[in-house]
Amino acid sequence: MISKFNITFKKLALAAGLSSSALQGSLAYGQETTNNSASSATQIEEIVVTAQRRSQNLQDVPITVTAFGAEELQNSRVQEVGDIAVRTPGLSFDAFPASQPRLAIRGIGSSDLGAAGDPSSAVFVDEIYLGRPAAIAFNAFDVERVEVLKGPQGTLYGRNVVGGAINVINKSPSVDEFEAAVEATYGNYGLTEGAGFVNLPLAGGMGAIRASGAIKAHEGYTDNRYTGGELDDQDSTSMRIQGRLLATETLEFRLGFDSTKDRANGPGQHVLDQEEGSPYASFWTVNRDRDYSESEFDGYQNRDTWGVRGQFIWELGFGSINYLTSYRELDYDSYYDFDGGNPTFNALSIQGGNNEESELYSQELRVSSSEASSMSWTVGVYQYKADTKRDNTLDLMLGAPAERERYNQDAELESVAAYGDATIPVTDNLNLIGGLRYTKDKKYYAVNNIDGSTAYFRASGPFDVDVKESWDEVTWRVGSDYHVNDSNMIYIMVSRGFKSGGFQDTPADAVGAVVPYNPEYAIQYEFGQKSDFFDRHVQWNNTIYLMDYTDLQTRQVVGLSIITNNAGEATIKGYETNLTWRSEGGFSLGVSYAYTDARFDTYVEDGVDLSGNTISRAPKNKIVISPSYVHSLSSGSEIIFSADYQYASRIYDDNNNADPEIRDPTNFLDARAVYTSSAENWTLSIWGKNLTDEKTRPFQSVFLGANFGAYNPPKTFGLTARWSY
C-alpha cells in the first residue's frame, strides 16, 4: 500500500498538514475575538446535515461532505443534478443524453445504462434510492438542502454505492405555522418558470400538509436547419405532496407523493470529428457549430416518473424505530438522430433510442440510539427490488433498406442487506467509529435481438437467452475522530465499498449475453481536518485520500456493441480543500479545489495495454471560486452580488486517453444580483449562467468512423421574482 503513495501525493499530504498547522498558530487570535452581535451576524452559519443518519453540524462529520443549504440553492439557481456538479469539486456529470445523466465522484462512475446494471455513484431523494439513471428527476424548489457524500457509502445507507452519494432532502411539513411562496422566472430562449408551495398545519398541532409544484419550459438551444425545428428544448412539470401526522408524543407518520413529467425534442447531436484511419470516416461531415444541427428529424425524449413514500418514526426511551418504504414507476421513451445529419450531409445515417419501464420498490427498518446517548449507533435491514424492461434500438441506413439493431431486455433485481454502525466515545475529545454491512444481490436477466436485422455487422445469428446470478459481500468502515477543541477536528477513516456484477446492455452474441461481468470493489483511506477560525469568520477543511479499486466496471465499443467489462486494478488518490471567509464588511469568499489522480494500474482492453492511463471522466484539477457582497440599504432591504467561477482541467471521455475523445479545459462563470425587501418577503434577482459563453462537449463517443457528441447550453440569463408569506 505505502508504495502507491508517490512523491506528488506525499507533497499534497504534507502541504495540507503544514497549512493546517499554520492556521492553528493563528487560532488563539480567532478565539479571542469578542462574540458581539455584529460579529455573530456575519459568522459562518452552522450547517446541519444527516450524512450519518443523525443531525450533526457539518464540521463534526468525519467524512467529506459538500452541502448546499436552502438559501444557497435558491439564490444560485441550483435546479438539477448538473447544477450541483458544477459547484462541487470531485463530482463530474455528463449527459448521455441529458435525460439519462451519468455521475462520477472522485473518478468513480458508471456508463452502464442497461437494465441489469447499477450506478456506482447514486442519488437519494428523502432517503429513497433512485436506481435508474432516467429516474433521477427532481426539482430543487422547496428543498431543504443537498449533501454530496464522497467515497464508499453502505454501513449507514440502504443501497450500497462505491463512489459516493448525492442526498436531496426536501423541506418537510411544518406543524408550527402556515407558510407559502410563489416564484416566477422569465429569460432568454423563451424561458418561463413558475413554482410555488403551501404549508398547512392541522388544528391542534397534530400534523401538517405541504404541497409544492414547478413548471419549466424553454425553446431549443440548437436550431435544426433541415426540419426548421429546435433541439435541446425543455418542457417539464413536477409536483410533490407530503403529509405529516403526530399521532402521539412519540409516534409520527409521514406519507408523500411526487411526480415529474418531461417532454423534449432530441439533443443537438453533431459529428465533432472524423476518426482517422477508419473506412467509414469519409461518410461524415464535421459540424462544430453549437447553434445548429442538420438532423433528419427532431426526435423526442419523454419521461414520466412518480412515486409514493411512507414512513413512521417511533421514539422510545433508548432510541427510535424508523420504518421507510417506497414505490416508484418510470416510463421513459426516446428516439433521435445520433449523427446530427441528413442524406445531403452524411452518407450514413444513425438513429435510435431507448424505451424503458421500471418499477422500483424499497423498504428499510432501522433502530437508532437517542440523541442523549453517549454512544451513537444504528442497526438496520434493507430490501430493494427493481423490475426493468428496456429496449435499445439502433437504425443504420446506408441506402435502403435500413438495418436495425434492437435489444429487448427484462431484468429483475432483488437486494437485501443488514448493517450496523456505531460511534463510541473514548474520551471527551476522541471517538472510535465502526460499521459493518452484509449485502446479497440477485439478478435475473433475459435479452434477445430477434426483432433486429444484423446482416451487415453480425457474424452470428439472432439469440434469445435468459440467465440469473447472485453476488454477496461484506463491506465496512473503521476510523476515529479527534476534537482538538470546539473549533478543530481531525479524523481518519477507512471504508470498503462494493457494487454487484451485472449483464451486458447490448451483447454481441448469446455467449456474451449469459456471461456476467464481475462486481467492483473499492477501499478508501481518508484523512481529514475541519476547522473554524477567527470566531467562525473563517472555515477551512482539508482531505487527502487514497482509493484502491479492483475490477472497475468500464465500457468499450466493439463493432456495434457497447460492452461492459472489468479492468484489473486502479488507484485513485487526491486532495480536496474548502475555504470559506466571511468579513464583517459584507464580503464573503468561498474557494473549493479538488485534485484527482485516477489511473489504471492493470487494464488491457481489446488487446491494448492501457495500464497507467487516466480513468475516463475524471478531471485532474477542478476549482470553484464563489465571491459575494451584501449591500444594506437605509430602508432595511439588501442587495447581494455574487458569482461562481468554475475551472475543470482536461477530461478523457474514453479510457484510451486518445484524440478525439478529449475535452479541453473549461471555464464557466455564473453571476447574479438578488434584492431582498426589508420584510424579507420579496426577492428579485437578475442572473446569468455561462456568461462567457463557454463551449464544451458534455458527451462524445467514437463510433463507425466519427466522433459523435453534443454541446453544453449557451449563455442564458433571466429575471426571477419571489414572494413568501
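I will try to describe carefully the structure that is included in this document. (Residues numbered from 1 in each chain as written. Predicted model: local features only at pLDDT ≥ 70, side-chain atom pairs only at ≥ 80, totals over all residues. Heavy atoms only, no water.)

1. Quick look at the sheet that holds strand 15 (residues 230–231)
Formally: Strands qualify as paired when DSSP identifies two bridges or more between them. Here a helix means four or more residues in a row that DSSP labels H or I, a strand means two or more in a row labelled E, and each is numbered from the N terminus.
If you walk across this open sheet you meet the 3 strands as 15-14-19, and the pairing is mixed. With partners counted over all chains shown, the strands left at the sheet margins are strand 15 and strand 19 (292–293), one partner each. In terms of strand pairing, strand 14 (residues 222–224) meets strand 19 through 2 bridges, oriented parallel. Within the sheet, the bridge partner assigned to Asp223 lies in strand 19 and is Tyr292.

2. Here we look at the pattern of salt bridges
Quick note on the threshold: We define a salt bridge as a side-chain nitrogen of Lys or Arg found within 4 Å of a carboxyl oxygen belonging to Asp or Glu. Throughout, exposure labels follow a simple rule: accessible area from a 1.4 Å probe, protein chains only, divided by the maximum for the residue type, with under 20% read as buried, over 50% as exposed, and the rest as partly exposed.
Under the defined criterion, the tally for this structure stands at 37 salt bridges. Between Arg582 and Glu45 there is a salt bridge, with the nearest N and O atoms lying 2.9 Å from each other. Of this pair, Arg582 sits in strand 32 (residues 569–582) while Glu45 sits in the loop between helix 3 (37–41) and strand 1 (48–49); the two residues are 537 residues apart in sequence, bridging distant segments of the chain. Take Arg582: its relative accessible area is 24%, and that puts it in the partly exposed class. For Glu45, a relative accessible area of 47% translates into the label partly exposed. Taken together, the salt bridges that share partners define one network made up of Arg87, Asp644, Asp670 and Arg672.

3. What to know about the pairing of strand 12 (residues 191–201)
Sheet topology places strand 11 (residues 179–187) next to strand 12; 9 bridges connect them, and they run antiparallel. Across the sheet, residue Thr185 finds its bridge partner in strand 12, namely Glu193. Once strand 11 ends, the chain turns through 3 residues before running back antiparallel as strand 12, passing Tyr189 with a positive phi of about 55 degrees. Strand direction decides the pairing type here: strand 12 and strand 13 (residues 207–218), joined by 10 bridges, are antiparallel. Looking at the pairing, Gly196 lines up with Gly213 of strand 13.

4. Here we look at the sheet that holds strand 18 (residues 270–274)
Rules: Working convention: axes come from line fits to C-alpha atoms, limited for helices to the stretch in contact. Angles between N-to-C directions cover 0 to 180 degrees.
Sheet architecture is open: 3 strands sit in the order 18-43-42, paired in antiparallel fashion. Sheet topology places strand 18 and strand 42 (699–703) at the edges, where each strand pairs with a single neighbour. Strand-to-strand, the axes of this sheet are offset by a mean angle of 30 degrees, without reference to chain direction. Inspection of the sheet shows strand 42 paired to strand 43 (residues 706–710) by 5 bridges, in the antiparallel sense. Pairing of Ser701 across the sheet is with Phe708, part of strand 43.

5. What about the packing of aromatic side chains?
As a reminder of what qualifies: Two aromatic rings, drawn from Phe, Tyr or Trp (for Trp, its six-membered ring), form a pair once their centres lie within 6.5 Å of each other, and the interplanar angle then sorts them: stacked below 30 degrees, edge-to-face above 60, tilted otherwise. Only when the NZ of Lys or the CZ of Arg is both within 6 Å of the ring centre and within 35 degrees of the ring normal is a charge said to sit over the ring.
A complete count under the given rule lists 20 aromatic pairs for this structure. Arranged with centres 5.7 Å apart and planes meeting at 20 degrees, the rings of Phe297 and Tyr335 form a pair that is stacked. Of this pair, Phe297 sits in the loop between strand 19 and strand 20 (300–315) while Tyr335 sits in strand 21 (residues 319–337), and the two are 38 residues apart along the sequence. A network of ring pairs unites the aromatic residues Phe124, Tyr129 and Tyr384 as a single cluster. Between Arg77 and the ring centre of Trp687, over which it is positioned, the NZ or CZ distance is 4.0 Å.

6. Some thoughts on unusual backbone geometry
A cis amide bond links Asp659 with the next residue in sequence, Pro660, at an omega value of 5 degrees. Position of Pro660 relative to the elements: it lies in the loop between strand 38 (651–652) and strand 39 (662–663). Positive phi, normally seen in glycine, also occurs at Asn690, with a value near 50 degrees. Of note, Asn690 is situated in the loop between strand 41 (682–689) and strand 42. On the accessibility criterion, Asn690 (5% relative accessible area) is buried.

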